[in-house]
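Structural features, examined
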There are 2 protein chains.
Amino acid sequence: MKEVKIIEVAPRDGLQNLQAFVPTDKKIALIKKLAHAGAPEIQIGSFVAPQAISQFRDVREVARSVHRLRGVVPSALVPNRRGAEAALACGISRLIFFFSVSSKHNYANVKQSPPDSLKELRLICRSLPADAAESLRVDLATAFGCPFSGNVTTAAVLRAVEKVATLGVRKITLCDTVGFGNPRTVEEKFSECFRLFPEIQFGAHFHNTRGLAPANALRAYDIGVRSFDSSAGGLGGCPYAPGSSGNIATEDMVFMFESMGIKTGMDLKKLLKVCDWLQKILPQAKLSGALFAAGLPDRIR
Amino acid sequence: MKEVKIIEVAPRDGLQNLQAFVPTDKKIALIKKLAHAGAPEIQIGSFVAPQAISQFRDVREVARSVHRLRGVVPSALVPNRRGAEAALACGISRLIFFFSVSSKHNYANVKQSPPDSLKELRLICRSLPADAAESLRVDLATAFGCPFSGNVTTAAVLRAVEKVATLGVRKITLCDTVGFGNPRTVEEKFSECFRLFPEIQFGAHFHNTRGLAPANALRAYDIGVRSFDSSAGGLGGCPYAPGSSGNIATEDMVFMFESMGIKTGMDLKKLLKVCDWLQKILPQAKLSGALFAAGLPDRIR
């Protein structure tokens, strides 16, 4: 059977650029609704310092409320060992560390060089219990281009993958952080990754900034990617392209794969209800999903 | 060299669902600006009865003003022989006839059955001068699904193609009139068309109603389609899915192909200026293009 895994990032990537603080109970409700719609894994937030991203100042409370939700794996971003320890203490055992392939973006994002981020990753790997270390995922941001330094070569991505793989990490996601990827670069980067690192499970994280995320996801699927991040309603924006959409909308991604006969395990009607609810509780947020605007084609099988 | 032909449909498909009449001089200006941006062929309007689509009541005047524009082929939709004759009399020699694979949609659209539309097509083919007959294109609407009757099978599309091909037509476009297609059905329908009708030049006309048009265009390209319709700014809506986007935006399509190293002959910066201008003269129209919202990634090569 053909299937893909959709990892829901709305509670993390979707909320992190919102100006308004989303109340804790609403965050918990969002995560529960997404779980009810069939999301197999949900990024519940980031264990960052409150002064870095104020939206996540309640991440511990959120984590403690959802870490035992049935049928869903809650995961969280951790920028450093302290964040990793905090996440584990709250019952979150699937951790995601991230850094940018592009130095300039890494400095802008986490105020250190990629080699320093790798040092932090090494500390995390050493300190984690075995099961958390096994399921640790590393996100390579700006793998398809950087808003500050432009093109990011496949060679640079491969070097970063190698350094991460050397530490024993087995899940690596290439992130098109600002919507610079296209089907050709998606094919080029992922196919080299698969060729050189057959032991790694590669995932894709595409933003729909310039409308190409569905095409990029299709090409990634074509060449073997089976794990995709997306955000319900396309919630989230891109700070480098004001007014544009952010993450690819989960319902659009699910619609594409399901209509192609590729199972996601998610329920589109329930997902669209989550979008309705999101639009109600976040009236100022722009939901960019196409399916949410157009509705399901219920006359088509 | 890899290349595709982008056929601009904003002056026709983009305008036809607008409530407000766009003044003749603005239509002419739009066509000239699109030609200046490098569009190799532009659908300038439909030669329909004014009571059918009031927006095109000035189509003769538009046609006479643009039919000699340098470097661009103006084409027009014609629903019947009278329309074809009127178009030819105004100097438009590339004609496009259309009917729906789905009976219900054809009745709703042109108030006759598909067989009656085929009879009309036969009359047109017989009456056309040789050069116009050679470049005649036939659009098969609802080739990927119908808002009234749901699924449209590949077999039904192939039967329609066969009937059209028998009349000597050599250009046939499969149209996803309401955004029901997905990469799997695109692959299935076009690959069967190529296999069974190698003498036909097949084109694709995708609507982005549910966000899949770029992925559908990519898949169509993968299996050999080299002619794509699109509308500047994504101008146009879908009467069957209010609030959704219509045709895939030309600038998004051009961006996808050009970023993949596939030439379109079009100038993205000029295209985005056309979008700016369109938004100014049509403030009530929703421009749905992603690139227009996000801007060009000028730091990326």
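About the cut-offs
Counting restarts for each chain, with residues numbered from 1 along the sequence as it is written. Starting at A for chains and at 1 for ligands, labels are handed out in the order in which the entities are written. With the structure being a predicted model, the display of local features is reserved for residues of pLDDT at least 70 and the display and counting of side-chain atom pairs for 80 or more, all residues being used for whole-chain, interface and lining totals. By definition, any uninterrupted DSSP run of H or I lasting at least four residues is a helix, any uninterrupted run of E lasting at least two residues is a strand, and each is numbered from the N terminus. The reference for a compact globule is 2.2 Å times residues^0.38; the radius of gyration itself is calculated from the C-alpha atoms. The exposure label follows from counting other C-beta atoms within 10 Å of a residue's C-beta, where the C-beta atoms are placed from the backbone and the thresholds are 20 or more for buried and 12 or fewer for exposed, leaving partly exposed in between. Contact between two residues is assigned whenever their backbone-derived C-beta positions fall within 7 Å. For this scheme, ten residues count as nonpolar: Ala, Val, Leu, Ile, Met, Phe, Trp, Tyr, Cys and Pro. Four count as charged, namely Asp, Glu, Lys and Arg, and the remainder, Gly too, count as polar. By our criterion, buried Ala, Val, Leu, Ile, Met, Phe, Trp, Tyr and Cys residues that link up through C-beta atoms within 7 Å make up a nonpolar core. What sets the superposition is a least-squares fit of C-alpha atoms, and only residues with pLDDT of at least 70 in both copies go into it. Pairing between strands requires that DSSP locate at least two bridges from one strand to the other. Interaxial angle, 0 to 180 degrees, is taken between N-to-C directions of lines fitted to C-alpha atoms, where a helix line uses only the stretch in contact. Here the term right-handed applies to a crossover when the path leading from its first strand over the helix to its second strand runs clockwise, the strands being oriented away from the viewer. Every angle not falling under 35 degrees, over 145, or within 65 to 115 is termed oblique; those three ranges are roughly parallel, roughly antiparallel and roughly perpendicular. Crossing handedness is read from the near helix: turned anticlockwise from the far helix by less than a right angle, it gives a left-handed crossing, and turned clockwise, a right-handed one. Between the first and last residue of a helix there are one fewer steps than residues, each counted as 1.5 Å, and that sum is the expected span. Comment: arc refers to directions from the helix axis out to C-beta atoms. Confidence scores per residue from the predictor, reported as pLDDT, run from 0 to 100.

**Let's talk about the overall build of chain A**
Broken down by element type, chain A carries 13 helices and eight strands. Here chain A has a C-alpha radius of gyration of 18 Å; the compact-globule value for 301 residues is 19 Å, and the two agree. Across its three principal directions, the C-alpha atoms of chain A cover 50 × 40 × 40 Å. Considering chain A as a whole, with its 301 residues, one finds that 56% of them fall into the buried category. Of all intrachain contacts in chain A linking residues separated by at least 6 positions in sequence, the fraction that spans at least 24 positions is 72%.

**Side note on the interface of chain A and chain B**
Contact residues are listed per partner, giving 37 residues for chain A and 37 residues for chain B. Residue assignment for the side of chain A that touches chain B shows that the elements contributing at least two residues are helix H9 (183-196), helix H10 (213-222), helix H11 (250-259) and helix H13 (290-294) of chain A. When grouped by side-chain class, the residues that make up the side of chain A that touches chain B number 17 nonpolar, 14 polar and six charged.

**Here we look at the nonpolar core**
A general tendency of soluble globular proteins is for nonpolar side chains to be buried together. Membership of the largest hydrophobic core comes to 188 residues, with the highest contact counts inside it found for Ala217 of chain A together with Ala217 of chain B. Contacts of Ala217 of chain B, omitting those with residues within four sequence positions, involve Ala204, Phe206, Phe228, Ile248, Met253 and Met256 of chain B.

**Structural notes on the relation of the copies chain A and chain B**
Each of the two chain copies goes to the other by way of a rotation about an axis and a shift along it. The transform that puts chain A on chain B rotates by 180° and translates by 0.0 Å along the axis, for an RMSD of 0.0 Å. Considering both components of the superposition, the chain copies are consistent with a two-fold axis. Among all C-alpha atoms of chain A, that of Ala215 of chain A lies closest to the rotation axis, at 1.9 Å.

**Topic: the sheet that holds strand E7 (residues 201-206) of chain B**
Where strands meet in a sheet, backbone hydrogen bonds hold them as pairs that are either parallel or antiparallel. Residue and element names in this part refer to chain B. A barrel is described by the order of its strands in space; here eight strands give the closed sequence E1-E2-E3-E4-E5-E6-E7-E8, paired in parallel fashion. Neighbour-to-neighbour, the strand axes of the sheet open up by a mean angle of 25°, direction not taken into account. Here four bridges tie strand E5 (residues 137-141) to strand E6 (residues 171-176), and the two strands are oriented parallel to one another. Within E6, the position partnered with Arg137 by the bridge is Lys171.

**So, H11 of chain A**
An α-helical turn contains 3.6 residues, so a residue and the one three or four places further along point in the same direction. Burial analysis of H11 of chain A places nine of its ten residues in the buried class, which makes it a mostly covered element. Buried-residue contacts for H11 of chain A involve strand E1 (5-8), H10, strand E8 (227-230), helix H12 (268-281) and H13 of chain A together with helix H10 (213-222) of chain B. Backbone geometry just downstream of H11 of chain A places Gly261 of chain A in the positive-phi region, at approximately 85°.

**A word on the pairing of strand E3 (residues 73-77) of chain B**
Residues and elements named next belong to chain B. Most of E3 sits out of view: four of its five residues are buried. With five bridges joining them, strand E2 (residues 41-46) and E3 adopt parallel strand pairing. Each bridged residue has a counterpart across the sheet, and for Glu41 the counterpart in E3 is Val73. With respect to chirality, the unit in which E2 leads through helix H3 (residues 59-66) into the neighbouring parallel E3 is right-handed. For E3 and strand E4 (residues 94-100), the ladder comprises three bridges, and the chain directions are parallel. Looking at the pairing, Ala76 lines up with Leu95 of E4. This β-α-β element, E3 to helix H4 (residues 81-89) to E4, shows right-handed connectivity.

**A few points about the environment of Phe56 of chain A**
Relative to the helices and strands, Phe56 of chain A resides in the loop between strand E2 (41-46) and helix H3 (59-66). Setting aside residues no more than four positions away along its own chain, Phe56 of chain A makes contact with Gly45, Ser46 and Val48 of chain A.

**Some points on the packing of helix H2 (residues 24-36) of chain A against H3 of chain A**
Residue and element names in this part refer to chain A. Between H2 and H3, whose axes approach to 10 Å, the crossing angle comes to 40°. In terms of their interaxial angle, H2 and H3 are classed as oblique. Along this stretch, H2 crosses H3, giving a crossing that reads as right-handed. Contacts between H2 and H3 involve Thr24, Lys27, Ile28 and Ile31 on the former and, on the latter, Glu61, Val62, Ser65 and Val66.

**Digging into helix H9 (residues 183-196) of chain B**
With 14 residues, H9 of chain B extends 20 Å from end C-alpha to end C-alpha; this agrees with the ideal 20 Å at 1.5 Å per step. Of all the positions in H9 of chain B, only Pro183, Thr185, Val186, Lys189, Phe190 and Cys193 of chain B are classed as buried. One side of H9 of chain B holds all its buried residues, which, seen down the axis, span an arc of 160°. In this structure, H9 of chain B carries Arg195 and Leu196 of chain B as exposed residues pointing more than 90 degrees from its buried face. Against H10 of chain A together with helix H8 (154-166), E6, E7 and H10 of chain B lie the buried residues of H9 of chain B.

**Here we look at the environment of Glu192 of chain A**
All names here are of chain A. As for its position among the elements, Glu192 is in helix H9. Taking the C-alpha atoms as reference, Glu192 lies 23 Å from Leu121; in sequence the two are 71 residues apart. Those residues in contact with Glu192, other than ones at most four positions away along the chain, are Thr154 and Leu158.

**Describing the sheet that holds strand E7 (residues 201-206) of chain A**
Residues and elements named next belong to chain A. An order of E1-E2-E3-E4-E5-E6-E7-E8 is seen for the eight strands of this closed barrel, with the pairing classed as parallel. Put simply, the sheet's adjacent strands are angled 25° from each other on average, direction ignored. With respect to the sheet, helix H5 (residues 103-110) is in contact with strand E4 (94-100) and strand E5 (137-141), its orientation differing from that of E4 by roughly 125°. Running over the sheet, helix H6 (residues 114-127) touches E4 and E5 and is turned about 165° from E4.

**Examining the pairing of E6 of chain B**
Residue and element names in this part refer to chain B. For E6, the buried fraction is high: five of the six residues fall into the buried class. Handedness of the crossover joining E5 and E6 through H8 is recorded here as right-handed. With six bridges connecting them, E6 and E7 associate as parallel partners. Across the sheet, residue Leu174 finds its bridge partner in E7, namely Ala204. Following the chain from E6 across H9 to the adjacent parallel E7, one finds a crossover that is right-handed.

**Considering the confidence of the model for chain A**
Scored by pLDDT, chain A comes out at a mean of 94, with 97% of its residues at no less than 70. The complex prediction reports pTM at 0.95, with the ipTM value standing at 0.94.

**Some points on the packing of H9 of chain B against H10 of chain B**
Residues and elements named next belong to chain B. For the pair H9 and H10, interaxial distance at closest approach is 9 Å and the crossing angle is 30°. By the angle class used here, H9 and H10 are roughly parallel. In the packing of H9 onto H10, the handedness of the crossing is right-handed. When H9 is examined against H10, the residues Pro183, Val186, Glu187 and Phe190 are found in contact with a partner set consisting of Ala215, Asn216, Arg219 and Ala220.

**Brief notes about unusual backbone geometry**
Residue and element names in this part refer to chain A. Here the phi dihedral of Lys111 falls at roughly 60°; this positive angle occurs in a residue that is not glycine. A residue is classified by how many C-beta atoms lie within 10 Å of it, and Lys111, with 10 of them, is exposed. Residues other than glycine seldom take positive phi values, yet Thr142 does so here, at roughly 50°. On the secondary structure map, Thr142 appears in the loop between E5 and helix H8 (154-166).

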